Amino acid sequence: MTSRVNPYSVGLPSTNYEGLLLAHSPVGMWMMDETSGNFIDQGSTGNDATPSSGVTHANRTIFGHTAPDFSGSIGGYAAITHNAALEPWAGAGAKATYITMCRFDALTSWTMLLSKGASYFGPMNGSYLWYTNHAGLGVTHMGSTAASLNTDYVFAWTLDQAAGPRVKLYVNGVLVNDKTFVSGTASASPEPVYISRYSSDNYHVNGAIAGTALFDKVLTQTEITELYDAAVAGP
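Here the residue numbering is sequential within each chain, running from 1 through the sequence in written order. Local features are withheld for residues below a pLDDT of 70 in this predicted model, meaning they are given only at 70 or higher, and side-chain atom pairs are given and counted only at 80 or more; totals for whole chains, interfaces and linings count all residues. Side-chain measures were taken over the full set of non-hydrogen atoms in the model, leaving aside hydrogen atoms and water.

Chemist: Tell me what's going on with the packing of aromatic side chains, and back it up with residues and numbers.
Modeler: For any pair of aromatic rings, the description rests on two quantities: the centre-to-centre distance and the angle between the ring planes. Pairing of aromatic rings covers Phe, Tyr and the six-membered ring of Trp, with a centre-to-centre limit of 6.5 Å; geometry is then stacked below 30 degrees between planes, edge-to-face above 60, and tilted otherwise. Considering all chains together, one arrives at eleven aromatic pairs under this definition. With 5.9 Å between their ring centres and 75° between their planes, Y77 and Y194 make a pair best called edge-to-face. Of this pair, Y77 sits in the loop between β4 (65-70) and β5 (78-80) while Y194 sits in strand β14 (residues 193-195); the two residues are 117 residues apart in sequence, bridging distant segments of the chain. The interplanar angle of 50° and the centroid separation of 5.2 Å between the aromatic rings of W110 and Y203 together place this pair among those described as tilted. Linking W110 in the loop between β6 (95-106) and β7 (114-116) with Y203 in the loop between β14 and β15 (206-215), this pair joins segments that are 93 residues apart in sequence. Taken together through their ring pairs, the aromatic side chains of W89, Y98, F121 and W157 make up a single cluster. Whether a charge sits over a ring depends on NZ of Lys or CZ of Arg being within 6 Å of the ring centre and within 35 degrees of the ring normal. Over the ring of Y77 we find R197, and its NZ or CZ is 4.4 Å from the ring centre. Above the plane of the ring of Y194 lies R197, whose end atom (NZ or CZ) is 4.5 Å from the centre. The numbering of helices and of strands both runs from the N terminus, where a helix is a DSSP run of H or I of at least 4 residues and a strand a run of E of at least 2.

The following block contains the structure:
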């Protein structure tokens, strides 16, 4: 892994998005603001993301943060080597948070922001703001309207297996959906983590993604709102 300075450890204010993400101890975190090469993992696993040829480095911004351009038409995605810690939603007693900044230029039937095996996250055009599936847990449709194009977003999704299981979706710091399942436990997968891709299929993002992080705990609404405020404040 290429080393990168932890900005929180060198005194960046807690209002800085990157530093605030790190303060919550992510298992995986990819700011994706590099100008070339892999996207460095600043989380505890140290698994960098390798971009495909359909990704253009540092070509976009989201809330002022440098972001790569993902071209869905030519299969733009980033792959992260399998690590069990990078699927914190799997198993009995699982607690997880997934947060990302993104912007869509176009939406297909499915748009996969992140996936690992049969677990995936992203919007469905014209149907749901958020569509999540986990093998063993089932499908979750969250939000009754489609995501908007050319709009900067911070999506945050949480899972508390012991509380139902219970899943929540936050959009730009606001809780928009809270669902409890009758039963079920998400199963693990040996596949890589993909940003802007579903397993061996496509469903790539047309747009930009940045500031993606995974946590093995449930962040609170206050913490997620603070992260959104920090994102909007810029780098």
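This is not the end of the story, as more comes after the structure.
Chemist: Could you give an account of the side chain of N16, with specific residues and numbers?
Modeler: Along the polypeptide, N16 turns up in the segment before α1 (17-23). Note on classification: 1.4 Å probe, protein chains only; a residue is buried when its accessible area is under 20% of the maximum for its type, exposed when over 50%, partly exposed between these limits. According to the relative accessible area criterion, N16 is buried, its value standing at 12%. Each polar contact in these results corresponds to two N or O atoms within 3.5 Å; when the atoms are within protein, one needs to be able to donate a hydrogen and the other to accept it, and residues that are neighboring in sequence are counted only if both atoms are side-chain atoms. Of note is the side chain of N16, whose polar atom sits 3.0 Å from the backbone nitrogen of E18. N16 has contacts with A230 and P235, leaving out every residue within four places of it along the chain. Any two residues whose heavy atoms approach within 4.5 Å are treated as being in contact.

Chemist: Describe in detail the pairing of β6, supporting the description with residues and values.
Modeler: One face of the sheet, then the other: side chains in a regular strand alternate in exactly this way. Pairing between strands requires that DSSP locate at least two bridges from one strand to the other. Where β6 meets strand β11 (residues 153-160), eight bridges bridge the pair, whose relative direction is antiparallel. Directly across from Y98, in β11, lies its bridge partner W157. Relative to β15, β6 runs antiparallel, the two being bridged by eight bridges. Bridged to T97 within β15 is F215.

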